[in-house]
Amino acid sequence: MGPTCEQGRAGETVRHRKARRVAAGVMLAAMLSSCTAEVAGRALNDPVGDRPAVVAPPHLWAPPTGPSTSAPEENPPEDLPQVYPEPAGPPAIPEPMESVEVNEEFDDDALQVDASDLLETLTDALQAHDRDAFQGHFSGEARRRATFWWDNLDAIGFDGGAVSLVDDGSNLDNMVTLDEDGTGHLWNVAAGAHFPGDGVDPLGRQVVPTALYQWKVAYDRESKALTVTGWTSLEHTPWDCLCTLEVLPAKDGVVVAYPDEVESARPVVSRLDRATAWTRDFLLEVTEPFDPVNDLLSSGGGVVLFVTDDDDRMLDWFSPVRDGGDRGLGGGVVAYVTPGNGYEGRDPDLVSGRPFQGSRMVALLDDVGWLEPTLVHELVHYAFDRQVRTSPLISNHPYVYEGIAEMVAQIFTTDHPGATGPVIGTPEQAWNITPELVRDSFTGDLPTADQLRSDDVEVAAFAYDVAASAYSYLALEYGLPATFEAAECAYRAANLFGCVPDPDGARSRTGELVDTLPVESVTHAWAQWFRKTYG
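Everything in this summary refers to the structure shown in the same document. Owing to the predicted nature of the structure, the values given are computational and were not obtained by experimental measurement.

1. Some thoughts on the packing of helix α10 (residues 399-413) against helix α13 (residues 457-478)
- Remark: α10 packs on α13, axes separated minimally by 7 Å, with the N-to-C direction vectors making an angle of 70°. When the axis of α10 is compared with that of α13, the two are roughly perpendicular. Note on element contacts: α13 touches α10 through Y464, D465, A467, A468, Y471, S472 and A475, opposite Y399, V400, E402, G403, I404, E406, M407 and Q410.
- Partitioned by chemical class, the residues of the contact of α10 with α13 number 9 nonpolar, 3 polar and 3 charged.

Shown next as structure tokens:
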């Protein structure tokens, strides 16, 4: 059952609450899409006013060219006990632990050493799930942070992982330049763990999602080995909180919260179970079997869902860290997060040099009535992103992926026990379309990227429902299987109405689409149906 008016704030209509979801989703997507993470999501909360616009920092860390203005480094202990102390204060992503000054004029005789052995040894430890072997390459405060990192990812449940350097042009052959005291920096370390729901490629190799870090290293000339002595998170990943994450198992994944919010997170488990079960059954019924859906929602796999009551905390998650500025944006989103980096190394059992579509979602808990349909929306994003090789042009045509996800979420909100079939394309489902908007704003064209990402709540919300209506029309006219076939084609071609199968057309020997209907005729027929249905 979908959310009711009573589940929102007093005096709100369903239409207004849905408009709020879209608005904050657009704002967060704009903030993150040019950084290390790409977000497709729908918002839950009103944006908070009186906050400056957020300018996304560069994708990768660049060494500063002048003296740092941050606090000087405190001397960390040389070593820490195996059982680390709990941190004081509320959970938070730690600030950079040291001030870094870079001398741009390196001596030609400066010592350079190869970090490949360190990176490959850490990768081997993750693949073997050997905690002691991993920790043995860290000392001082870096070891403490590495221990929290390992234990939190282990609690979520990993079955592999990798560490490598991002190929940003400064890490030629994994070489690190050392100062006179034998210390240096690995500027863009990509480290991550593989959750079972992340799946494997057709050759059975893990594709590991990673986050970015900066490591300070010390070289021991006698053993000719590097040890990590400094650890700085370059992204706000929840497992870097220097706290012990609370992990609640669900049937198809896990719900993860900071320890001060675990009680609020408990009711989310059943909602995640219902959303994933419904999405799996729906997609497997109306499409050819989606292998990614089976990977994502099968036993031992599933979603990693991070939840919080704090909108600023949630908006920080998976966003890049930068010195200075206000990262808070207000509002809230349930979002499917695509890490921008993957493993780049030599391990033959891992896919190298390819970004990864990871099963990582975040949710704000202030309006749980919208959680289930929004999770359905995001699970559709996940299934298509894992199934289809996407055109690089699709970012300019977000109606392709937002429309199919929104249509399925609309069907979910009107599904109920005893229903004879899915309800599709009704005005009751498209709350943000009014006769006035149809008359004044509908041009007969699919929504543009600017409309879907507009800061104007009404414009963006209307655009989302217009995008969904294109798929609803195709489903009513040609059936759901043909609609999903058109959606897969549109992901590759970035043009939905150029991908509508001709019912009388030819197909290849493997059943692939050959003949499609003319774009102009499909567009015209959809526009007529839209005006008649919603106007």
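2. Quick look at the packing of aromatic side chains
- Within the structure shown, the criterion is met by 27 aromatic pairs.
- A ring pair is formed by F134 and W149, whose centres lie 5.5 Å apart and whose planes are at 10°; its orientation type is stacked. Here F134 is found in helix α3 (residues 131-135), whereas its partner W149 is found in helix α4 (residues 140-156), with 15 residues between them in sequence.
- By relative accessible area, which is 1% here, F134 ends up buried.
- Taking 5.5 Å as the distance between ring centres and 55° as the angle between the ring planes, the aromatic pair formed by F497 and W526 counts as tilted.

3. Details of the environment of A133
- By the element assignment, A133 lies in helix α3.
- Its relative accessible area of 31% is what places A133 among the partly exposed residues.
- Taking the C-alpha atoms as reference points, A133 and L122, 11 residues apart in sequence, are found 7.8 Å from one another.

4. Side note on the state of the cysteines
- Per the stated rule, a full pass over the model turns up 2 disulfides.
- A sulfur-sulfur separation of 2.0 Å characterises the disulfide bridge that pairs C241 with C243. The S-S bond linking C241 to C243 shows a torsion near -90°; that makes this disulfide left-handed.
- Since its relative accessible area comes to 2%, C241 is described here as buried.
- The buried category is assigned to C243, whose relative accessible area is 4%.
- Two residues, C489 and C499, share a disulfide whose sulfurs are 2.1 Å apart. Disulfide C489-C499: torsion about the S-S bond near -60°, hence left-handed. Separated by 10 residues along the polypeptide, C489 in helix α14 (residues 480-493) and C499 in the loop between α14 and α15 (519-534) bring together distant segments of the chain.

5. Re the nonpolar core
- L305, M407, F484, W526 and F530 are the most contacted members of the largest nonpolar core, which totals 74 residues.
- Among the elements that make up this core, the one with the highest residue count is α13 (11 residues).
- For L305, the contacting residues outside a window of four places in its chain are V254, V255, V256, V268, L272, M361, V362, A363 and L375.
- A211, V217, Y219 and W239 belong to the second-largest nonpolar core, a separate cluster that totals 48 residues.

6. Looking at the pattern of salt bridges
- Tallied over the full model, the rule gives 13 salt bridges.
- In this structure, E141 engages R145 in a salt bridge whose closest nitrogen and oxygen atoms are separated by 3.1 Å. Taken together, the residues E141 and R145, both in helix α4 and 4 residues apart, mark about one turn of the helix. The residues E141 and R145 share a single accessibility class, namely buried.
- Linking D252 and R280 is a salt bridge whose minimum nitrogen-to-oxygen distance equals 3.2 Å.

7. With respect to the environment of L496
- Position of L496 relative to the elements: it lies in the loop between α14 and α15.
- You can call L496 buried: its relative accessible area is 0%.
- C-alpha separation for the pair L496 and L446, spaced 50 residues apart in sequence, amounts to 9.3 Å.
- Each residue touching L496, except ones within four places of it in the same chain, is listed here: Y399, A470, Y471, L474, A486, A487 and A490.

8. Things to note about the pairing of strand β8 (residues 246-250)
- Bridge count for β8 against strand β9 (residues 253-257) is 5 bridges, and the pairing is antiparallel. Counted as the bridge partner of L248 is V255 from β9.
- Hairpin connection of β8 to β9: 2 residues between the antiparallel strands.

9. Structural notes on the packing of α13 against α15
- Where α13 contacts α15, the two axes come as close as 10 Å, and the packing angle between them is 110°. Taken together, the axes of α13 and α15 lie roughly perpendicular to each other. As for how α13 packs across α15, the hand of that crossing is right-handed. For the pair α13 and α15, contact is made by F462, V466, S469, A470, S472, Y473, L474 and L476 and by V522, A525, W526, W529, F530 and Y534, respectively.

Cut-offs and rules
Residue numbers here run from 1 along each chain, matching the order of that chain's written sequence. For this predicted model, a pLDDT threshold of at least 70 governs which residues receive local features, and a threshold of 80 or more governs which side-chain atom pairs are given and counted, while totals over whole chains, interfaces and linings are taken from all residues. As a convention, hydrogens and water are excluded, and side-chain values are obtained from all of the structure's heavy atoms. Angles run from 0 to 180 degrees between N-to-C directions of axes, and those axes are lines fitted to C-alpha atoms, restricted for helices to the stretch in contact. Helical segments are the DSSP runs of H or I of at least four residues, strand segments are the runs of E of at least two, and each set is numbered from the N terminus. Throughout this description, any angle smaller than 35 degrees is read as roughly parallel, any larger than 145 degrees as roughly antiparallel, any in the 65 to 115 degree range as roughly perpendicular, and the remainder as oblique. The contact rule is simple, with two residues in contact once any of their heavy atoms fall within 4.5 Å. Each residue receives one of three labels: charged for Asp, Glu, Lys and Arg, nonpolar for Ala, Val, Leu, Ile, Met, Phe, Trp, Tyr, Cys and Pro, and polar for the others, Gly being one of them. Stacked, edge-to-face and tilted are the three classes for Phe, Tyr and Trp ring pairs, Trp counted by its six-membered ring, which pair at centre distances within 6.5 Å; planes under 30 degrees apart are stacked, over 60 edge-to-face, the rest tilted. Each residue is assigned to one of three classes by its accessible area relative to the maximum for its type, calculated with a 1.4 Å probe on protein chains only: buried under 20%, partly exposed between the two thresholds, exposed over 50%. By definition, disulfides here are pairs of cysteine sulfur atoms that lie within 2.5 Å. Put simply, a nonpolar core is a bunch of buried Ala, Val, Leu, Ile, Met, Phe, Trp, Tyr and Cys residues held in one set by side-chain atoms that sit within 4.5 Å of each other. What counts as a salt bridge is simple: a side-chain nitrogen of Lys or Arg found within 4 Å of a carboxyl oxygen of Asp or Glu. The pairing criterion for strands is at least two bridges between them, as found by DSSP. Left-handed describes a crossing whose near helix is turned anticlockwise from the far helix by less than a right angle; the clockwise case is right-handed.

All we've got here are geometric facts, nothing functional implied.
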